[in-house]
Amino acid sequence: MIEWAVSIASGIRNLLAGPDSVTDREQGQTSMSLIPLDMTPSWWQAISNRYNEIILLDLAILGFLKEEPRHGYDLKRRLADLGLRSVSFGSLYPALRRLDRHRLIEAVDSQQRKKVYQITAAGEARFRELIEGRTTEDEDDRSFNLRVAFFRYVDPETRLELLERRRMILADRASDARASLHETMSRTRARIDRYTVSLIERGAHRAEADIAWIDELIETEQAVIHHRNPTEARMHE
């Protein structure tokens, strides 16, 4: 657990620092100074959430700039189009400055009054690293849906691998929700109200609906691969 926290904390520090900053490794130090002595579960969750939010916003910004150069207001509108309405200008503009410091994006000459950014070659590489990274059990719906929004930049084989992994995770979630519901309903002493039962059922229904959606995407990717290379397609069946 300590090693995980150090990794996440160091990752946040390096993400927020510029490319010319002195890193912990260069200093010969660890990131233990970032870890408070009174570590609590809420603190662990807080730094994990912060790290995930940074990665989510980076992927979104780089993906939108990969489409075309944009200014901050346009990026904010595109984020809202994908359901990321909670991202404020107070989060967006610091993220743009940070990505600029890391040379993942750069300002371009523009006749517009607003500052326009475009993605760099380093940003292209970072975008591919983020979108093709292995999906995990901790990845939330927003993060995965954002990947899907930029799937056109990923080859069919990688898309299929990501979708199949996501299906396994969703199947586990649905199974856990159903098991939780069965356990809840079978309790004789506990008084479980109908609202709690409804929430558990909703979780199971959402997971099952997402599985059906993923199955459609998997079928489409398999058809693409089969059309391009029938022999390779049979390996995924």
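Rules behind the numbers
- All residue numbers here refer to positions counted from 1 along the written sequence of the relevant chain.
- In keeping with the model being predicted, local features are shown solely for residues with a pLDDT of at least 70 and side-chain atom pairs are shown and tallied solely at 80 or more, while totals for entire chains, interfaces and linings include all residues.
- With hydrogens and water stripped out, all remaining heavy atoms of the structure feed into the side-chain values.
- Where helices are involved, their axes are fitted lines through C-alpha atoms of the stretch in contact, as for all axes, and angles between N-to-C directions lie from 0 to 180°.
- Runs of E in the DSSP output that reach at least two residues are strands. Runs of H or I that reach at least four are helices, and both are numbered from the N terminus.
- Throughout, the term roughly parallel applies to angles under 35 degrees, roughly antiparallel to angles over 145, roughly perpendicular to angles from 65 to 115, and oblique to all others.
- Two helices crossing with the near one rotated counterclockwise from the far one by less than a right angle form a left-handed crossing, whereas a clockwise rotation gives a right-handed crossing.
- Note on contacts: a residue pair is in contact if any heavy atoms of the two residues lie within 4.5 Å.
- Basically, the charged four are Asp, Glu, Lys and Arg, the nonpolar ten are Ala, Val, Leu, Ile, Met, Phe, Trp, Tyr, Cys and Pro, and anything else, Gly included, counts as polar.
- To form a nonpolar core, buried Ala, Val, Leu, Ile, Met, Phe, Trp, Tyr and Cys residues must be joined to one another through side-chain atoms within 4.5 Å.
- Categorising residues by exposure relies on relative accessible area from a 1.4 Å probe, with only protein chains included: less than 20% of the type maximum marks a residue as buried, more than 50% marks it as exposed, and the intermediate range marks it as partly exposed.
- For this document, the term salt bridge refers to a Lys or Arg side-chain nitrogen within 4 Å of an Asp or Glu carboxyl oxygen.
- Strands qualify as paired when DSSP identifies two bridges or more between them.
- Expected helix span is given by 1.5 Å per residue-to-residue step, counting one fewer step than there are residues.
- What the arc measures is the spread of directions leading from the helix axis to the C-beta atoms.
- Scored from 0 to 100, pLDDT reflects the predictor's confidence in each residue.
- Between rings of Phe, Tyr and Trp, where Trp is taken as its six-membered ring, a pair exists when centres lie within 6.5 Å; planes separated by under 30 degrees are stacked, by over 60 edge-to-face, and by other angles tilted.

Quick look at the packing of helix H4 (residues 72-81) against helix H5 (residues 89-101) now. The N-to-C vectors of H4 and H5 enclose an angle of 120°; their axes lie 11 Å apart at closest approach. Our classification of the angle between H4 and H5 gives oblique. For the pair H4 and H5, the sense of crossing is right-handed. Contacts between H4 and H5 involve Gly72, Tyr73, Leu75, Lys76 and Leu79 from the first element and Phe89, Leu92, Tyr93 and Leu96 from the second. Across the contact of H4 with H5, the residue classes tally to 7 nonpolar, 1 polar and 1 charged.

Let's shift gears to the nonpolar core. If you look at the biggest cluster of nonpolar residues, it comprises 27 residues, and the most contacted ones within it are Ile61 and Leu79. Secondary structure elements with two or more residues in this core: helix H3 (41-67), H4, H5, strand E3 (116-119) and helix H6 (121-132). The next biggest cluster of nonpolar side chains, apart from the first, holds 13 residues, and it includes Phe151, Leu163, Leu170 and Ile211.

Further remarks concern the pattern of salt bridges. A full pass over the atoms with the stated rule returns 21 salt bridges. Notably, a salt bridge pairs glutamate 67 with arginine 152, separated by 2.3 Å at the nearest N-O pair. On the criterion of sequence distance, the pair formed by glutamate 67 in helix H3 and arginine 152 in the loop between helix H7 (141-149) and helix H8 (156-186) is long-range, its members being 85 residues apart. Glutamate 67 gets classed as partly exposed once you look at its relative accessible area, which sits at 27%. Among the ionic contacts, a cluster of salt bridges with common partners joins Glu67, Glu68, Arg70, Asp74, Arg77, Arg78, Asp81 and Arg152.

As a further point, take the sheet that holds E3. The pairing of strands in a sheet comes from backbone hydrogen bonds and takes either a parallel or an antiparallel form. With antiparallel pairing, 3 strands are arranged side by side in an open sheet as E1-E3-E2. Two strands in the sheet have a free side with no partner beyond their single neighbour: strand E1 (70-71) and strand E2 (105-108). Summarising the sheet, E2 and E3 pair through 4 bridges and their orientation is antiparallel. Counted as the bridge partner of alanine 107 is tyrosine 117 from E3.

Time to look at the pairing of E3. Bridge count between E1 and E3: 2 bridges; the pairing is antiparallel. Among the inter-strand pairings, arginine 70 is bridged to a residue of E3, identified as tyrosine 117.

Locating threonine 120 in the fold gives a position in the loop between E3 and H6. Taking the relative accessible area as the measure of exposure, threonine 120 reaches 13% and is therefore buried. When near neighbours in sequence (up to four residues on either side) are disregarded, threonine 120 contacts Arg103, Leu104, Ile105 and Glu106.

Given 3.6 residues to a turn, an α-helix orients residues that are three or four positions apart in the same direction. With 12 residues, H6 should cover 16 Å at 1.5 Å per step; its first-to-last C-alpha distance of 17 Å lies within 8% of that length. Of all the residues in H6, the buried ones are Gly123, Arg126, Phe127, Leu130 and Ile131. Mapping the buried residues of H6 onto a view down its axis gives an arc of 125°, with all of them on the same face. H6 presents Ala121 and Glu129 as exposed residues on the side facing more than 90 degrees away from its buried surface.

Residues of the protein chain with pLDDT of at least 70 account for 73%, and the chain-wide mean is 80. Counting interchain partners and residues more than four positions distant, the pLDDT-below-50 stretch residues 22-35 has 21 contacts.

All right, on to the packing of aromatic side chains then. According to the stated counting rule, one finds 5 aromatic pairs in the structure shown. Ring centres of tyrosine 73 and phenylalanine 89 lie 6.3 Å apart, and the angle between their planes is 15°; on these two criteria the pair is classed as stacked. Taken as a pair, tyrosine 73 in helix H4 and phenylalanine 89 in helix H5 lie far apart in primary sequence, 16 residues in all. Looking at phenylalanine 89, the relative accessible area reads 34%, which means it is partly exposed. Relative to phenylalanine 150, the ring of phenylalanine 127 lies with its centre 5.7 Å away and its plane at 75°, an arrangement referred to as edge-to-face. Separated by 23 residues along the polypeptide, phenylalanine 127 in helix H6 and phenylalanine 150 in the loop between H7 and H8 bring together distant segments of the chain. Of the two residues, phenylalanine 127 and phenylalanine 150, both sit in the buried class.

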